[in-house]
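Overview (structure and organization)
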Amino acid sequence: MSDTARYLVSRLVTTLLIVLGAMLLLFTLSAIVPGDPATALLGPQATPEYARRFIVEMGLDQPWYRRLPTFLGHVLTGNLGIDVLSGRPVAGIVGAVIPYTFILTFASIGLAVVIGVPLGCYAATHRGSALDHALAFISVAFIAIPSFVIAIFLLLIFSIWLDWLPVLGAGQPGDWLDQAKRLILPMTALSVGWIGFIARLMRSSMLEVMGENYIRTARAYGLPNRMVTYKYALKNACIPTIAVLGMGIGRLLGGAVLVEIVFARPGLGRLIFDAIATRNFPVLQGAVLVVVVIFVVTNLLVDLSYSAIDPRIRRDAAPQAAGQ
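Secondary structure summary: the chain contains 13 helices and 0 strands in total. Secondary structure elements in the chain, listed N-terminal to C-terminal, are α-α-α-α-α-α-α-α-α-α-α-α-α. Counting all 324 residues of the chain, 38% fall into the buried class. Look at the contacts in the chain between residues 6 or more apart in sequence, and 71% of them connect residues 24 or more apart. For the chain, the accessible surface area stands at approximately 17,700 Å², while carbon and sulfur atoms represent 67% of it.

Put into structure tokens, the structure is as follows:
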């Protein structure tokens, strides 16, 4: 088996084990929650007959060793359960809001990359300049401010005071211009911290790479400085940034909860928050599992992407996977 195939198989196996572990953890947490789940979900006003029917329909009258295979089998077939409050399939509820979360998360990380990478490159190639110091101060300030605080300030300035952008919601379905306008502020609020983080990471990576022997050799051969910087140094300096982006998707999904609440946008974060508030365990379980799957699949794609950029990572990881 080639190094590429061995590396791909090892990453796929790791991804499947993580998803299986998350499924077991979710099942365990729902099984050890203290108190009567029927009372917690339906409230004290539910009649005993309705509470007993609810427990039977949810399979809560069965021991855990019977419920666990049923739970795993349903998840593997795409059945995330039924929302006991609305009677709708949980997969349908999650599927209705997941496009909003995808658009917000990937637009935010895209904006952070588009702005953060050039800023980091500029700071590294102009080390010690006044703009480098200014960018360092601004980047740390961006990282330190929570996204929901930035969201509130953006909403007050651009929606309330200046009245440039819509205040709340995700826009009318089919009206792309309205949806784009309502995406600007949440996307900016989520991406500001990552702009600073990517700029700092890119600067330090570029400085490290530009001190490597092959960069000095390229300069000794008389290659143009722009070619050495943006063709040879930038490619390897991007690897740490790409690796961090995988973790960034998970952080952005977590940060999207408060931003979606501030801007009253539909999404997975808001769905999880509402499910926690109403103790709607089936919806909470299904939504969290989908977030885990998004996170591990994104990290799998990131692993494969930076191993494609630098084949040394693939060659180093393959023997380790074979040894395991």
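Read on, since the account is not over.
It is worth spelling out helix 4 (residues 64-76) at this point. In this model helix 4 runs 18 Å from its N-terminal to its C-terminal C-alpha over 13 residues, within 8% of the 18 Å that 1.5 Å per residue would give. Buried residues of helix 4: Leu 68, Phe 71, Leu 72 and Val 75, and no others. The buried residues of helix 4 occupy an angular sector of 95 degrees when projected down its axis, which confines them to one face. Immediately beyond the C-terminal end of helix 4, within one or two residues, lies Gly 78, with a positive phi of roughly 85 degrees.

The subject of this paragraph is the side chain of Glu 260. Turning to its location among the elements, Glu 260 is positioned in helix 10 (residues 225-262). Despite its burial, Glu 260 pairs with no opposite charge; the closest candidate is Arg 265, at 5.8 Å N-O. Ignoring any residue separated from it by four or fewer positions in sequence, one finds Glu 260 in contact with Thr 101, Leu 104, Arg 265, Pro 266, Gly 267, Leu 268, Gly 269 and Arg 270.

It is worth spelling out the pattern of salt bridges at this point. Within this structure, the stated rule accounts for 2 salt bridges. Here Asp 178 makes a salt bridge to Arg 182, at a shortest N to O gap of 3.1 Å. Taken as a pair, Asp 178 and Arg 182 lie in helix 8 (residues 176-209) at a separation of 4 residues, close to a single helical turn. Among the residues examined, Asp 178 registers a relative accessible area of 14% and is labelled buried.

Let us now look at the confidence of the model for the chain. A residue-level look at the chain finds 88% of positions with pLDDT of 70 or above and a mean pLDDT of 80. Looking across the chain, the model is least confident in helix 13 (residues 311-323), with a mean pLDDT of 56, and most confident in helix 5 (residues 90-125), with 88.

A few words now on the side chain of Asp 132. Within the secondary structure, Asp 132 is located in helix 6 (residues 130-144). Here Asp 132 is in contact with Ala 123, His 126, Arg 127 and Arg 203, once residues within four sequence places are set aside.

Considering all chains together, one arrives at 3 aromatic pairs under this definition. On the numbers, 5.7 Å between centres and 25 degrees between planes, the contact of Phe 102 with Phe 106 is stacked. Of this pair, Phe 102 and Phe 106 both sit in helix 5, 4 residues apart, which is roughly one turn of the helix. By relative accessible area, Phe 106 is classed as partly exposed at 37%. Seen in terms of ring centroids, Phe 158 and Trp 164 are 6.0 Å apart; in terms of plane orientation they differ by 45 degrees. Their pairing is tilted. The class for Phe 158 is partly exposed, based on a relative accessible area of 25%. According to the relative accessible area criterion, Trp 164 is exposed, its value standing at 60%.

Moving on, we get to the packing of helix 5 against helix 11 (residues 268-277). Contact geometry of helix 5 with helix 11 gives a least axis separation of 8 Å together with a crossing angle of 135 degrees. Judged by the inter-axis angle, helix 5 sits oblique to helix 11. Every residue of helix 11 that contacts helix 5 at Ile 93, Val 94, Val 97, Ile 98 and Thr 101 is listed here: Leu 268, Gly 269 and Leu 271. Looking at side-chain class alone, the contact of helix 5 with helix 11 contains 6 nonpolar, 2 polar and no charged residues.

The next subject is a nonpolar patch on the surface. Taken together, Phe 148, Ile 152, Phe 153, Leu 156, Ile 157, Ile 160, Trp 161, Leu 162, Trp 164, Val 167, Leu 168 and Leu 258 make up a surface patch of nonpolar side chains, about 1,100 Å² in accessible area. For the nonpolar patch, the element with the most residues is helix 7 (residues 147-161), which contributes 7 residues. Counting through the fold element by element, Val 167 comes out in the loop between helix 7 and helix 8. With a relative accessible area of 31%, Val 167 lands in the partly exposed category.

Generally speaking, nonpolar side chains in soluble globular proteins are found buried as a group. Ranked by size, the top nonpolar core spans 64 residues in total, and within it Met 23, Val 94, Met 202, Met 206, Leu 268, Leu 271 and Val 290 carry the most contacts. If near-sequence neighbours (up to four positions away) are discounted, Met 202 is found in contact with Val 117, Gly 120, Cys 121, Leu 234, Ala 237, Cys 238 and Thr 241.

Here we take up the environment of Leu 131. You can see Leu 131 is positioned in helix 6. Between the alpha carbons of Leu 131 and Leu 119 there is a distance of 9.9 Å; along the sequence they are 12 residues apart.

Conventions and cut-offs
Residues numbered from 1 in each chain as written. Predicted model: local features only at pLDDT ≥ 70, side-chain atom pairs only at ≥ 80, totals over all residues. Heavy atoms only, no water. Helix = DSSP H or I, 4+ residues; strand = E, 2+ residues; numbered from the N terminus. Buried < 20%, exposed > 50% of the residue type's maximum accessible area, 1.4 Å probe, protein only. Contact = heavy atoms within 4.5 Å. Areas by Shrake-Rupley, 256 points an atom, 1.4 Å probe, with all protein chains shown as cover. Expected span 1.5 Å × (residues − 1). Arc of directions from axis to C-beta. Lys, Arg positive; Asp, Glu negative; His and termini not counted. Salt bridge = Lys/Arg side-chain N within 4 Å of Asp/Glu carboxyl O. pLDDT = per-residue confidence, 0-100. Phe/Tyr/Trp six-rings, centres within 6.5 Å; stacked < 30°, edge-to-face > 60°. Axes fitted to C-alpha atoms, helices over the stretch in contact; angles between N-to-C directions. Parallel < 35°, antiparallel > 145°, perpendicular 65-115°, else oblique. Nonpolar A, V, L, I, M, F, W, Y, C, P; charged D, E, K, R; others polar. Patch = residues over 30% accessible without salt bridge, like charges linked within 9 Å, V, L, I, M, F, W, Y side chains within 5 Å. Core = buried A, V, L, I, M, F, W, Y, C linked by side-chain atoms within 4.5 Å.

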